[in-house]
Structures are given as C-alpha cells and as structure tokens.
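For reference, the chains in residue letters:
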Amino acid sequence: MDDHTHEYVGTVYVLPQSRAFELSTTIHGVPATVTGTIAQHLAEQLIDHTPDWLDPRQLALRPRRVEVLTRETHERHRAPRKQHFLMRVHEVEEQARPVPMSTT
C-alpha cells in the first residue's frame, strides 16, 4: 500500500452526507476529474457548525487549493486500486496585481 499527498487547484464539489467529493482540475495540462471520499476530520467541519465550519455550498463558487491523499493498494492476483481522500481545503490566494507606479 502506497500513500501520496498531492495539492491541486480546481473546483471542488462535496456531498457532506455521503462523504463524497468531485474535483475538476488540470493534471499536467490536461483537464481531469478526481473523485473519492472526504476524510473524517474534514467531513466533521462540513456538517457541524463549529468555529472552523466550511459551508459546502460555498466551496464550488470559485477554485480552491486542496490536498488529496491517493492510496494505491496492490494485492496479489488483483489489479492495483487507487482511492482518493480529500484531506484539506485551502483558500486560493488572490494573485497580486502589480500597482502602477505614479510618475511625479
């Protein structure tokens, strides 16, 4: 079993009740969709109204930076399986726009 954590920027859709997510992003310049399960600690933030509560309805409104754990399972006499877990959702920082210098 191999675990890898990757950061992606894209639009994330979550279903808190079923703990499922779908991420629309680009991987190596190619559009891709990553689907999987929301990690337990993140699912609690999406359901409960805790101080660090994330509103699932607001997540898909703009691109987010997210961390996804990919678990590859290798079993004897079976094809390898990949499972994806949404571990963390970050805000995407606004790109700083250069401010024109005034000439005086």
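Owing to the predicted nature of the structure, the values given are computational and were not obtained by experimental measurement. (Residues numbered from 1 in each chain as written. Predicted model: local features only at pLDDT ≥ 70, side-chain atom pairs only at ≥ 80, totals over all residues. Heavy atoms only, no water.)

**Points about the environment of lysine 82**
Basically, it comes down to this: Secondary structure elements follow DSSP: runs of H or I of four or more residues count as helices, runs of E of two or more count as strands, with numbering from the N terminus. Three labels apply to residues, based on accessible area from a 1.4 Å probe with only protein chains included: buried if under 20% of the type maximum, exposed if over 50%, partly exposed otherwise in between. Any pair of residues with heavy atoms lying within 4.5 Å of one another is described as a contacting pair.
Mapped onto the elements, lysine 82 comes out in strand 5 (residues 81-90). For lysine 82, a relative accessible area of 57% puts it in the exposed group. With 46 residues separating them along the chain, lysine 82 and glycine 36 place their C-alpha atoms 9.6 Å apart. For lysine 82, the residues in contact, after removing those within four places along its chain, are Thr70, Arg71 and Glu72.

**Quick word on the pattern of salt bridges**
Selection rule: What counts as a salt bridge is simple: a side-chain nitrogen of Lys or Arg found within 4 Å of a carboxyl oxygen of Asp or Glu.
For the structure shown, the criterion picks out six salt bridges. Among the salt bridges present, the one from glutamate 75 reaches arginine 78, with a minimum N-O distance of 3.7 Å. Arginine 78 gets classed as exposed once you look at its relative accessible area, which sits at 57%. Across the pair arginine 81 and glutamate 75 runs a salt bridge whose closest N-O atoms are separated by 3.1 Å. We classify glutamate 75 as partly exposed; its relative accessible area is 32%.

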